[in-house]
Every structure is written in structure tokens, then in C-alpha cells.
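# Architecture at a glance
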Amino acid sequence: MQGAGRTIDVMNSVRFSMSLIYRQLGYWLDCLLLKWVPSSLPTMQLGPDGSSQNPTMVQFFTWDARHTDMSWWKHLATEAPHLAALGFTQIWLPPPNKAMEQTGRGYDAYDLWDLGEFDQKGSVATRWGTKEDLLRACDAARQCDMNVIIDAVLNHKLGADRVETFRAVRVDPLNRLRDIENERLVKGWTAFDFPGRLGKVIQYIVISSVGGKHISQYSSMRWNFNHFTGLDWDELAQANGVFRISSERHKGWSRWVDTENGNYDYLLGIDIDHRHPEVRDDLFSWGSWILDTTGACGFRLDAIKHMDRKFLFEFITRTRDHPDRKRLFAVSEYWSANLQLIIPYIRAFHGQTSFFDVPLHENFHRASKTGASYDLRTIFEGSLVQLRPGDAVTFVDNHEQVGQSLESWVDTNFKAQAYALILLRCHGYPCVFYGDLYPNDECFDEGTSRTLKQLLLARKSFAYGPMVDYFEHRNCIGFVRMGDSNHAGCVVVLSNDPLLDPATSKVRMNVGPCQGATFHSLFDSTRTVAIDHDGWGVFPSLADCVEVWIKTEEPQ
């Protein structure tokens, strides 16, 4: 019996080893095939047309964002000139749609077609304000040469108007492909009648840039259980769980989703079936309508690992198939720190969407947690921006890192360094979090905000031209932006060791033909570095901090 047991152990070990080999071969093949996939960001609108300014996005909300004196949309309109002065070219708005409850953020999507216009779910306004406020905020952003992008929640619905009875099968939450009960009748909150919009078929006219007229209307579609694949509550049995809706019309979970938990089609609420013709038509229409209504230039696509990839690809391409939307911006949230899992999605979307660089965010998080033991020379290893800079939207933190299910907050000991690494380098498209910039009750740090504003101005005014890295010490690294015909460039040094020897927290770097020039600290102009006749200078950094050096202008 012992021999048989050893044989089984050996066979299991061999199977495990082979699975790892196949997985690694698959990763290498995916990386090879990426050579034929075009980069997304170079084809997208990241700021005003004709501008040579570095593009920068701001996420203008936190999870619990509220303003004490005005609606959130009015707050945005008020802040638009300040955001533009800091160098932002694009603003990511929270979901503008009506939520399942009055204080809902919009991720609990009830009615995509209600932007704070109809009396539904306890109020006319959304958490963020009225439709009128929203449109004024979008106009204020455009007046300041900034585009807005819409957070599109297309995966699920919540807050149905009534229950329906239908057949469903309970499945294993950890393996959605395994049934754990027989098919039975359930009652689910799956009927969406939108009584506040009932019978309203209001037309709108958009005068396009070519002089034509495009006429459309609010959706008249009412949703029922036939438009969904699953739910998590059976009203009949008063039971939680993951239930797959079953009938002759239903096709089960989509095949074209992430394979986590066997099949990750279901996330939460009432899961939308993106293969249903009526669903597809409604969401395709909404995509064009929301852009025409707000004047937005694109989308942030929420929770894409749970959505049918084929639908999502068509949603982007259809929305882009318009003379004024050829450069539609799209960024997708595929939340995984494992780059190997993101690569197949990059291939599948073939340059139609960029992706948030979650692996880089995870590196920042680890660096902040491990302090001086983290080797800064490896900060970009396994990141999207290292592999595919033309697809990477880089960020430090966002609304889901503060007490949410995806919590991986970057602490203040590495926050400034992380922002320097996304704002002042030439790769990727950086996104700055409102919570790090503006006072709030969730995560604000005054020192981080002060430094972040200076880094933003450095990106706007200095961080241009070719880049040369000097990643030579595990706790102190630097890089040079050489500048261009209109910008002087800058030198960046950062460290992660509060006890670093001053003799070690320096990096010798070449700034080009600047014989006899002097560079001074952006944060303290009294600190200077002399450049020798060959263009070399020794640039220090304060311990556990970031330093930006710019060329001192010679007196006229």
C-alpha cells in the first residue's frame, strides 16, 4: 500500500509540474503573439487636439465622496480651472447613472438611462447631482480643455422593481460550473420597469460636426429574467447563493469570461446576459447616447473579467464607428496583479482598449509595506507598463483601495515615490486619485497632496524628451528626462530607506550638453547641483523620499 501511495504522489507531482510547464509555455506564446497586436493608447484621444502637453487623467471621486455645500457635479465644475492648471487633460467621472438607492455610487446600477432626471429610487438626483449639474460640469471641463470619460457599469443591475418566478440551479460559488442542487423554482428581483421613465420617449437631437442630425430617444426597454444569467438571492426560499437561471431560452454562463472560480461570469446582483439580442441593442444604443448627451470622449469599463469579451469588443467598436469617435478612449478594469492573466485580454481586444496597470500598483503596495527591504531596481518587473507601455494606464491608488474588497493601499512612506514613477517617466498614461489630491475623510494626507501637486507641475512643464535610467542601487534610483525643443527636462531621484547613508542616497547622472550649468531642487531652490564639463552631476535624494531637479535659468 505504501508503494501505491508513493506512485500516486509521484503521478500527482508530475501532473502539477506539467501543468506549470504548459502554463509557462502558454504565457510565452501569448507574449510572442502580442507582437502582432497594435498598442491602444497612441490611437486614442488623451487630451485636447493639437496639444503637445503631457496628457494626465484624474479620477475625480473617492468611494464615499460627498461635498458638504454643493452637489458633486457642481464641485467638479468649480474645480475645473484648478485641475487644468495642474496639467490634467482628462477627467474620469463616477458612474452618472441612477443607482439602486439614493446614496448609491452608480456601481449598484439601476437605470443607465437616468442621469439624475427622473424621480426614481427616492430622488431625482443621483448621489452626484442632477443631470443638469452633470452637463454643466462636462461643459466646464471642455471650456478648460479637458475631456471627460464615463464609468460604464455594464455587468449587472440592482434594485429591481418587482420579483418574478422562474427556474434556476444553485451552483458552487468556488466552481460556477458545478451544480450543487437540482433545478427548481426561485423568485428573483429581476423585473426592471423604470416607472419614473414609464412611457417617456423623449427625443434628442445632436448636431454633428458634419452638419447632419442624429435622432435617438431614451430606451423603452423593460428588463425581465430572460435578460439575465444569474442572481444571488432567492426570495422564495429566503436563501443566498449563486443561482444560474435556466430555461429553454437561457444559454447558461458565457464562455467568454475569466476562468477564475471555473467561470467568472457572475459577480454580483442580477448578472446581465450580453448575448441576448434586446440587451445588446439597448447597451449599444446607450453607449452612443451617453457620449452624445455628455460630450464625453470615452469610457472606463468596469469589471470586464465578468463580461462576455465578444460583446465588449463589439460595444467598443460600434461606439467608435462614428466620424467624431474614431479616437474614442477606453480603459478596462481587469483586476489582477498577475500579468499572465491580463495578456490574453490584451490579445482579445486587439488594441481597442487600454488596461489599468494593476501589477504595477501591486508593486507599489509591496514596496510601501516592506520598506527598505524592497529592491527599487525591480519596481517595474512584471508590470504592464514594462511589457506594453502603449496599453498601460498607470495609477497609484483608486476608490477600491480604501476599505473595499480590493484593498491594497499604498502607504504614505512610498506614495510620493510611486507618483514620481508614473508622472515623470515617458511610459504609460498616468491617472491620479482624487483621494490623494483633495482633502477627504477616507485617505487624505496633506504632505502627499503637497508633493503630488509639485510633481504634477513638473510633469506639465519639465518631464519631456528621451529618458535614461540609472537603476544602480537597491534603495536609491534615478532617471533623467532629457527635454525637447520646448521643455528643459528634469532629473528624478528617489529612495525608500529612512536610514540611508547620505553618501549612498546620491545618483551620478548625465544630463547632456550642460557644461557649467546648475540644477536646483524643485522642492527647495536653495539646494543645487553643479554639472561638470561632460554633463555629469551627482544628484542627492532625501532619505525615504523623492527629489526632482531642474535646470537653473541663467540670468538675462
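Note: the structure precedes this text.
Residues numbered from 1 in each chain as written. Predicted model: local features only at pLDDT ≥ 70, side-chain atom pairs only at ≥ 80, totals over all residues. Heavy atoms only, no water.

## A closer look at the overall build of the chain
The secondary structure content of the chain amounts to 11 helices and 27 strands. Taking 2.2 N^0.38 as the reference for a compact globule, 556 residues should give roughly 24 Å; the C-alpha atoms of the chain span a radius of gyration of 26 Å, in line with that estimate. The dimensions of the chain, computed from C-alpha atoms along their principal axes, are 80 × 80 × 45 Å. Counting only residues that meet the buried cut, the chain has 55% of its 556 residues in that class. Just so you have it, the chain exposes about 23,900 Å², and 51% of that area is on carbon and sulfur atoms. (Helix = DSSP H or I, 4+ residues; strand = E, 2+ residues; numbered from the N terminus. Rg over C-alpha atoms; globule rule 2.2 N^0.38 Å. Buried < 20%, exposed > 50% of the residue type's maximum accessible area, 1.4 Å probe, protein only. Areas by Shrake-Rupley, 256 points an atom, 1.4 Å probe, with all protein chains shown as cover.)

## Some points on the pattern of salt bridges
A full pass over the atoms with the stated rule returns 32 salt bridges. When the shortest N-O distance is used, the salt bridge between Glu333 and Arg300 registers 3.8 Å. Remark: Arg300 occurs in strand β15 (residues 298–301) and Glu333 occurs in the loop between β16 (329–332) and α6 (339–349); sequence separation between them is 33 residues. The pair formed by Glu333 and Arg300 is uniform in burial state, with each residue classed as buried. Its salt-bridge partner being Asp375, residue Arg377 comes within 2.9 Å of it at the nearest N-O pair. (Salt bridge = Lys/Arg side-chain N within 4 Å of Asp/Glu carboxyl O.)

## Quick word on the packing of helix α5 (residues 309–320) against α6
Between α5 and α6, the least distance of the axes is 10 Å, while the angle of their chain directions is 50°. The angle between α5 and α6 places the two elements in the oblique class. For the element pair α5 and α6, the recorded crossing hand is right-handed. Contacts from Arg309, Leu312, Phe313 and Ile316 in α5 reach Tyr345, Ala348 and Phe349 in α6. Tallied by class, residues from the contact of α5 with α6 come to 6 nonpolar, no polar and 1 charged. (Axes fitted to C-alpha atoms, helices over the stretch in contact; angles between N-to-C directions. Parallel < 35°, antiparallel > 145°, perpendicular 65-115°, else oblique. Left-handed = near helix turned anticlockwise from the far one by under 90°. Contact = heavy atoms within 4.5 Å. Nonpolar A, V, L, I, M, F, W, Y, C, P; charged D, E, K, R; others polar.)

## Focus on the environment of Leu135
Within the secondary structure layout, Leu135 lies in helix α3 (residues 131–143). Look at Leu135 and you get partly exposed, because its relative accessible area is 28%. On a C-alpha basis, the gap between Leu135 and Ala458 in space is 31 Å, while along the polypeptide they are 323 residues apart. With residues near it in sequence (within four places) discarded, Leu135 still touches Thr293 and Thr294.

## Comments concerning the nonpolar core
Leu83, Ile91, Trp286, Phe299, Phe329, Phe364 and Leu424 are the most contacted members of the largest nonpolar core, which totals 135 residues. In contact with Trp286, not counting residues within four places along its chain, are Leu112, Trp113, Ile150, Ala152, Leu154, Phe299 and Phe315. (Core = buried A, V, L, I, M, F, W, Y, C linked by side-chain atoms within 4.5 Å.)

## Quick notes on the environment of Leu499
Note that Leu499 resides in the loop between β22 (490–495) and β23 (506–510). Measuring from C-alpha to C-alpha, the distance between Leu499 and Ala543 comes to 6.7 Å, with 44 residues separating the pair along the chain.

## A few points about the packing of helix α4 (residues 277–294) against α5
Relative orientation of the contacting elements α4 and α5 amounts to 40°, with a least axis distance of 10 Å. Compared by their axis directions, α4 and α5 come out oblique. In this structure, α4 crosses over α5, and the sense of that crossing is right-handed. Residues Arg280, Leu283, Phe284, Trp286, Gly287, Ser288 and Leu291 of α4 pack against Phe311, Glu314, Phe315, Arg318 and Thr319 of α5.

## Points about a nonpolar patch on the surface
Side chains of Leu29, Leu32 and Trp36 sit close together on the surface and give an oily, nonpolar patch of about 350 Å² of accessible area. Its location among the elements puts Leu32 in helix α1 (residues 2–33). (Patch = residues over 30% accessible without salt bridge, like charges linked within 9 Å, V, L, I, M, F, W, Y side chains within 5 Å.)

## Quick notes on the sheet that holds strand β25 (residues 528–530)
Read across the open sheet, the 6 strands follow the order β20-β21-β22-β27-β24-β25; overall the sheet is antiparallel. The outermost strands of the open sheet, each flanked by one partner alone, are β20 (467–473) and β25. Each strand of the sheet is rotated relative to its neighbour by a mean of 20°, with strand direction disregarded. Of the pairings in the sheet, the one linking strand β21 (residues 476–481) to β22 comprises 6 bridges and is antiparallel in character. When the bridges of β22 are listed, Val480 appears paired with Val491. (Pairing = 2+ DSSP bridges.)

## Side note on the packing of aromatic side chains
Counted by the stated rule, this structure contains 37 aromatic pairs. Their ring planes at 70° and their centres at 5.3 Å tell us that Tyr110 and Phe194 sit as a pair that is edge-to-face. With Tyr110 in strand β4 (residues 109–111) and Phe194 in the loop between β9 (184–191) and β10 (203–207), this residue pair connects regions lying 84 residues apart in the sequence. Assigned by exposure class, Tyr110 and Phe194 land together as buried. Taken together, the ring pairs connect Phe60, Phe61, Trp72, Trp73, Trp92, Trp128, Trp335, Phe356, Phe395, Tyr434 and Tyr438 into an aromatic cluster. Note that Lys157 overlies the ring of Phe192, its terminal NZ or CZ placed 5.7 Å from the centroid. Sitting above the plane of the Phe479 ring, Arg425 keeps its charged end 4.8 Å from the centroid. (Phe/Tyr/Trp six-rings, centres within 6.5 Å; stacked < 30°, edge-to-face > 60°. Lys NZ or Arg CZ within 6 Å of the ring centre and 35° of its normal.)

## Thoughts on the pairing of β21
Burial runs high along β21: 6 of the 6 residues are buried. Here β21 shows no split at all, with Cys476, Gly478 and Val480 on one side and Ile477, Phe479 and Arg481 on the other all buried. Bridging between β20 and β21 involves 5 bridges; their strand directions are antiparallel. Residue pairing in the sheet places Tyr470 in a bridge with Gly478 of β21. Counting the residues between successive antiparallel strands, the hairpin from β20 to β21 contains 2 residues.

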